[in-house]
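Observations on chain architecture
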Amino acid sequence: MTKKIKLTLMMVLALFTFAGSIASYTPTNAAAATTHKTTKSKKALKKAKLAKKAKKAKKAKKAKKAKKQTTKQIVYGYAKSKHKWGKTQQKYLGKVISYESGWKLKARNGRYVGLFQTTGVRDLSAKGQAKHGTKYIKARYGTPKKAWNHIQRHGWY
């Protein structure tokens with residue numbers, strides 16, 4: 001074959017290929033393709049939003065867990081903020097509570113209840129008992145160390 005014929009054949013082939021692709025591209029097919037892309041992108045967007053929401057919920061759950069304090073943290077934190085009792089007094093406060101209730105919020109011994117085994121406790125939450133018990137110690141003994149010394153001498157406070 002000559003160069004001219006080869007070139008002509010290639011042009012005809014290219015023309016048929018181009019014409020075939022134009023014939024298959026109709027506005028209906030274009031709309032279907034666009035709709036498919038739109039549906040696909042909507043699904044992807046919805047999936048991304050759900051993933052973001054799940055991640056946010058997981059983060060909130062983690063934060064809630066981190067915020068949850070133990071009874072000791074609540075009592076020591078209250079004693080430090082309200083009465084300015086530092087580590088030494090907190091150590092004795094811990095000894096008093098361990099002796100009286102073993103750090104059990106619902107401990108009972110007759111009419112004596114809670115962490116500090118006192119009467120008249122209205123709020124049995126850790127913070128409520130911390131308020132009541134530290135107020136009692138402050139009023140009667142001044143400091144947890146003095147309350148602990150009284151327990152050592154008499155077996156009660």
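So, here is what we can say about the structure in this document.

The rules we used
Residues numbered from 1 in each chain as written. Predicted model: local features only at pLDDT ≥ 70, side-chain atom pairs only at ≥ 80, totals over all residues. Heavy atoms only, no water. Core = buried A, V, L, I, M, F, W, Y, C linked by side-chain atoms within 4.5 Å. Buried < 20%, exposed > 50% of the residue type's maximum accessible area, 1.4 Å probe, protein only. Helix = DSSP H or I, 4+ residues; strand = E, 2+ residues; numbered from the N terminus. Contact = heavy atoms within 4.5 Å. Phe/Tyr/Trp six-rings, centres within 6.5 Å; stacked < 30°, edge-to-face > 60°. Axes fitted to C-alpha atoms, helices over the stretch in contact; angles between N-to-C directions. Parallel < 35°, antiparallel > 145°, perpendicular 65-115°, else oblique. Left-handed = near helix turned anticlockwise from the far one by under 90°. Arc of directions from axis to C-beta. Nonpolar A, V, L, I, M, F, W, Y, C, P; charged D, E, K, R; others polar. Patch = residues over 30% accessible without salt bridge, like charges linked within 9 Å, V, L, I, M, F, W, Y side chains within 5 Å. Areas by Shrake-Rupley, 256 points an atom, 1.4 Å probe, with all protein chains shown as cover. Salt bridge = Lys/Arg side-chain N within 4 Å of Asp/Glu carboxyl O. Lys, Arg positive; Asp, Glu negative; His and termini not counted. Charge placed at Lys NZ, Arg CZ, Asp CG, Glu CD.

**Observations regarding the nonpolar core**
- With 18 residues, the main nonpolar core has Val 75, Leu 93, Val 96, Ile 97, Phe 116, Ile 137 and Tyr 157 as its most contacted residues.
- Put simply, the parts of the chain that give this core at least two residues each are α3 (71-83), α4 (87-101), α5 (126-140) and α6 (144-154).
- The greatest single-element share of this core, amounting to four residues, is contributed by α4.
- Setting aside chain neighbours within four positions, we find Tyr 157 in contact with Val 96, Glu 100, Phe 116, Thr 118, Tyr 136, Ile 137, Tyr 141, Ala 147, His 150 and Ile 151.

**Looking at the packing of aromatic side chains**
- All told, the structure shown has five aromatic pairs when counted by the stated rule.
- Here Tyr 136 and Tyr 141 contribute two aromatic rings whose centre-to-centre distance is 6.4 Å and whose plane-to-plane angle is 75 degrees, an arrangement assigned as edge-to-face.
- Ring pairs connect the aromatic residues Tyr 136, Tyr 141 and Tyr 157, which therefore count as one cluster.

**A closer look at the packing of α3 against α5**
- At their nearest, the axes of α3 and α5 sit 9 Å apart, and the two run at 45 degrees to each other. Regarding the angle of α3 to α5, the classification is oblique. The element α3 and its partner α5 pack so that their crossing is right-handed. Taken together, the residues of α5 that come into contact with α3 (itself represented by Thr 71, Ile 74, Val 75, Tyr 78, Ala 79 and His 83) are Ala 126, Lys 127, Ala 130, Lys 131, Thr 134, Lys 135 and Lys 138.

**Comments concerning α6**
- Along α6, the residues classified as buried are Pro 144, Ala 147, Trp 148, His 150 and Ile 151. Buried positions in α6, seen along its axis, are confined to an arc of 155 degrees and lie on one side of it. Among the exposed residues of α6, those oriented more than 90 degrees off its buried face are Lys 146, Gln 152 and Arg 153.
- Close packing links the buried residues of α6 with α4 and α5.

**Considerations on the packing of α4 against α6**
- Viewed as axis vectors pointing N to C, α4 and α6 meet at an angle of 40 degrees, and their least axial separation amounts to 8 Å. One finds that α4 runs oblique with respect to α6. The handedness of the crossing between α4 and α6 is left-handed. Across the interface between the two elements, Gln 89, Tyr 92, Leu 93, Lys 95, Val 96, Tyr 99 and Glu 100 from α4 touch Pro 144, Lys 145, Ala 147, Trp 148 and Ile 151 from α6.
- Residue classes in the contact of α4 with α6 are distributed as eight nonpolar, one polar and three charged.

**What to know about the side chain of Thr 118**
- Counting through the fold element by element, Thr 118 comes out in the loop between β2 (112-113) and α5.
- By relative accessible area, which is 7% here, Thr 118 ends up buried.
- Apart from the residues lying within four places of it in its own chain, the contact partners of Thr 118 are Arg 111, Tyr 112, Val 113, His 132, Tyr 136 and Tyr 157.

**Examining a positive patch on the surface**
- Where like charges cluster on the molecular surface, the positive patch consists of Lys 82, Lys 84, Lys 127, Lys 131 and Lys 135.
- The leading source of residues in the positive patch is α5, at three residues.
- Summarising the element assignment, Lys 131 is placed in helix α5.

**Points about unusual backbone geometry**
- In this structure, Lys 84 is a non-glycine residue whose phi angle is positive, near 60 degrees.
- Inspection of the secondary structure puts Lys 84 in the loop between α3 and α4.
- Positive phi is not limited to glycine here, since Trp 103 has a value of about 65 degrees.
- When you line up the elements, Trp 103 lands in the loop between α4 and β1 (108-109).
- Looking at Trp 103, the relative accessible area reads 14%, which means it is buried.

Fair warning: the whole summary comes from geometry, so function is off the table for now.
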